[in-house]
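# Summary of the model geometry
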Amino acid sequence: MKIVDVTVWKTDASWRNWVFLRVETDGGIVGFGECTLEGREHAVEGAVADMRRRLVGKDPRRIRHIADLLTRGGYWDSGPVVSSAAGGIEMALWDILGKSLDAPVHALLGGRIRDRAPVYSNAWYFGAHTADDFGERAAETVALGYRALKFDPFGSAGFTISEEELSEALERISAVRDHVGPQVELMIEGHGRFGLHSAVRIGRLLEPFGVLFFEEPLPPGDFGQLRRVADAVPVPIAAGERCYSARECQTAITSGSVAVLQPDVIHVGGILQMLAIAATAEAAFVSIAPHNASGPVATAATLQIAAVAPNLLIQEMFAPLDAPWRDVVAKPAVEVADGWVAIPGGPGLGVELDETELLKHPFAPRDLNLFEDESILNRSVLPEDAREIDLVE
């Protein structure tokens, strides 16, 4: 079996674009992957085009060899663009291998240890402003089957949070807790915006809310400084979604700064890298909560790791506020029931893209600007009718 072509689609997805790809073989088997990189879609598409030259003619079942060829063998071995392009290709190769053997990917990774994975909802709060908005939206999301919620309550706060911004954030967290009760897990997202002073202040004030973790309190990259936050606050620290290799994740783990590591299967370079990262974290008694803010193919790939990783804490789901065509462009849809999703059982990744539907939602320029009043965190990102489809049964 040989690779004969690689095709990329950039698909509008409300507040970002999904970047999907298809690897074709001369045997008729195709594999789907995803290399979504918000705001850098053209860059990652270009990286895939560069890598295509090295793929055509190769046996797609030699996954490790090809992954090394695209990264270490290409000298520029990581970074958000290179790792994401390689990650999307690598998961498509696993899809091909699984389909060729009529087996799900997790069966090829040693077999699943769980039939379902615990998940939390993110993005449910986009467009909420007041504490009541947050509380009401949280209750709606729990009613849809989620038992854990992550959110950024800090509005347009920057490096140093003001007293007014801090008070508003605490009011929002309190309202969410009041609306959902003590049995629903809460996670607080910092989006890497704060300096040490603000991060420590906030972290100390989160303890009464019983949060599962405080995510990215500092800008990414300096795990020594993050360790200072972890040592100073009474809540677990989570980080790692902006690590682009197993090496960077190892640095996070050995620094002692994180209780919860959050690698992204796209951005670390694919399933093999995620498996290595999960094993390294497990050896250091660090839990993983995979970052999963992209599309349905990345979700399916992440669930393959969730199936086999003993140290899985919880997996992210960008729902229910997502593009309403998410479950149309990819089948089968992922369904949440009482806080859990089933591990896919179909061959390969267990998901298929509908190429006709993808073309109905062409690329639309969308840039992230998280800490401004008009960011996606502070405004509704979907038409009102789409929100009604997703949130109202």
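Conventions used here
Residues numbered from 1 in each chain as written. Predicted model: local features only at pLDDT ≥ 70, side-chain atom pairs only at ≥ 80, totals over all residues. Heavy atoms only, no water. Helix = DSSP H or I, 4+ residues; strand = E, 2+ residues; numbered from the N terminus. Rg over C-alpha atoms; globule rule 2.2 N^0.38 Å. Buried < 20%, exposed > 50% of the residue type's maximum accessible area, 1.4 Å probe, protein only. Contact = heavy atoms within 4.5 Å. Areas by Shrake-Rupley, 256 points an atom, 1.4 Å probe, with all protein chains shown as cover. Phe/Tyr/Trp six-rings, centres within 6.5 Å; stacked < 30°, edge-to-face > 60°. Pairing = 2+ DSSP bridges. Salt bridge = Lys/Arg side-chain N within 4 Å of Asp/Glu carboxyl O. Axes fitted to C-alpha atoms, helices over the stretch in contact; angles between N-to-C directions. Parallel < 35°, antiparallel > 145°, perpendicular 65-115°, else oblique. Left-handed = near helix turned anticlockwise from the far one by under 90°. Nonpolar A, V, L, I, M, F, W, Y, C, P; charged D, E, K, R; others polar. Expected span 1.5 Å × (residues − 1). pLDDT = per-residue confidence, 0-100.

### Concerning the overall build of the protein
Helix and strand counts for the protein stand at 14 helices and 15 strands. Scaling as 2.2 N^0.38, a compact globule of 393 residues should have a C-alpha radius of gyration of about 21 Å, and the protein matches this with 20 Å. Split into buried and exposed, the 393 residues of the protein put 58% on the buried side. Counting only contacts in the protein whose residues sit at least 6 apart along the sequence, the fraction spanning at least 24 positions is 74%. Counting only carbon and sulfur atoms, one obtains 50% of the accessible surface of the protein, whose full area is about 15400 Å².

### Looking at the packing of aromatic side chains
Across all of its chains, the model carries 13 aromatic pairs by this definition. A ring pair is formed by W124 and F134, whose centres lie 6.4 Å apart and whose planes are at 85 degrees; its orientation type is edge-to-face. With W124 in the loop between β4 (116–122) and α5 (131–143) and F134 in helix α5, this residue pair connects regions lying 10 residues apart in the sequence. The exposure class of W124 is buried, given its relative accessible area of 0%. On the basis of an interplanar angle of 65 degrees and a centroid distance of 6.4 Å, the ring pair of Y125 and F151 is categorised as edge-to-face. Here Y125 is found in the loop between β4 and α5, whereas its partner F151 is found in strand β5 (residues 148–151), with 26 residues between them in sequence.

### Brief notes about the pairing of strand β2 (residues 16–25)
Among the 10 residues that make up β2, 9 are buried, leaving the element largely enclosed by the rest of the structure. Note that strand β1 (residues 3–13) and β2 share 10 bridges and pair antiparallel. Counterpart to V6 in the pairing with β2 is V23. Hairpin geometry of β1 and β2 is characterised by an intervening segment of 2 residues between the two adjacent antiparallel strands and by a positive phi of about 75 degrees at S14. In this sheet, strand β3 (residues 30–34) lies alongside β2 in antiparallel orientation, the contact comprising 5 bridges. Bridge pairing in β3 places L21 opposite G33. In sequence, β2 turns back onto β3 through a hairpin of 4 residues, with G28 there showing a positive phi of about 90 degrees.

### Looking at the pattern of salt bridges
Think of it this way: side chains of opposite charge can pair up when their charged atoms draw near. The full count for this structure, using the stated rule, is 24 salt bridges. Ionic pairing is found between R112 and D115, a salt bridge with its closest N-O pair at 2.5 Å. Taking the relative accessible area as the measure of exposure, R112 reaches 47% and is therefore partly exposed. Judged by relative accessible area, D115 falls into the exposed class, the value being 54%.

### A word on unusual backbone geometry
Here the residue pair A319 and P320 is connected by a cis peptide bond, since its omega of 5 degrees sits within 30 degrees of zero. Following the sequence through the fold, P320 ends up in the loop between β11 (315–318) and α12 (326–329). In this model, K331 is joined to P332 through a cis peptide bond whose omega is -5 degrees. Mapped onto the elements of the fold, P332 is located in the loop between β12 (330–331) and β13 (336–337). Backbone geometry at E216 places phi at a positive 40 degrees, although glycine is not the residue there. By the secondary structure assignment, E216 is in the loop between β7 (213–215) and α8 (223–232). With a relative accessible area of 4%, E216 lands in the buried category.

### Quick word on the packing of helix α6 (residues 163–180) against helix α7 (residues 196–205)
For the pair α6 and α7, the least separation of the axes is 12 Å and the interaxial angle reads 30 degrees. Judged on the interaxial angle alone, α7 and α6 are roughly parallel. The way α6 lies across α7 gives a crossing that is right-handed. Where α6 approaches α7, its residues E163, L166 and L170 are matched on the opposing element by R201, I202 and L205. Classifying every residue of the contact of α6 with α7 gives 4 nonpolar, no polar and 2 charged.

### Brief notes about helix α3 (residues 80–101)
Taking 1.5 Å as the rise per residue, α3 with 22 residues should run 32 Å; its terminal C-alpha atoms sit 32 Å apart, in good agreement. Most of α3 is tucked away: 17 of the 22 residues are buried. Positive phi appears at D102, one or two residues downstream of α3, with a value of about 55 degrees.

### Describing the confidence of the model for the protein
Counting all residues, the mean pLDDT for the protein is 94, and 95% of those residues have values of 70 or more. In the predicted structure, residues 383–393 sits below a pLDDT of 50 and forms 17 contacts with residues beyond four places in sequence or in another chain.

### Some remarks on the sheet that holds β3
Whether parallel or antiparallel, the strands of a sheet pair through hydrogen bonds between backbone atoms. One open sheet accounts for 3 strands, arranged β1-β2-β3; its pairing is antiparallel. This sheet does not close on itself; its edge strands, each paired only once, are β1 and β3. Shown here is a sheet whose adjacent strand axes are inclined to one another by a mean of 20 degrees, direction ignored. Sheet strands touched by α3: β1, β2 and β3. Its angle to β3, the strand with the most contacts, is close to 145 degrees.

### A closer look at the environment of G31
You can see G31 is positioned in strand β3. Along the chain, G31 and V286 lie 255 residues apart, while their C-alpha atoms are 32 Å from each other. Not counting chain neighbours up to four residues away, the residues in contact with G31 comprise L21, R22, V23, A92, D95, I96 and K99.

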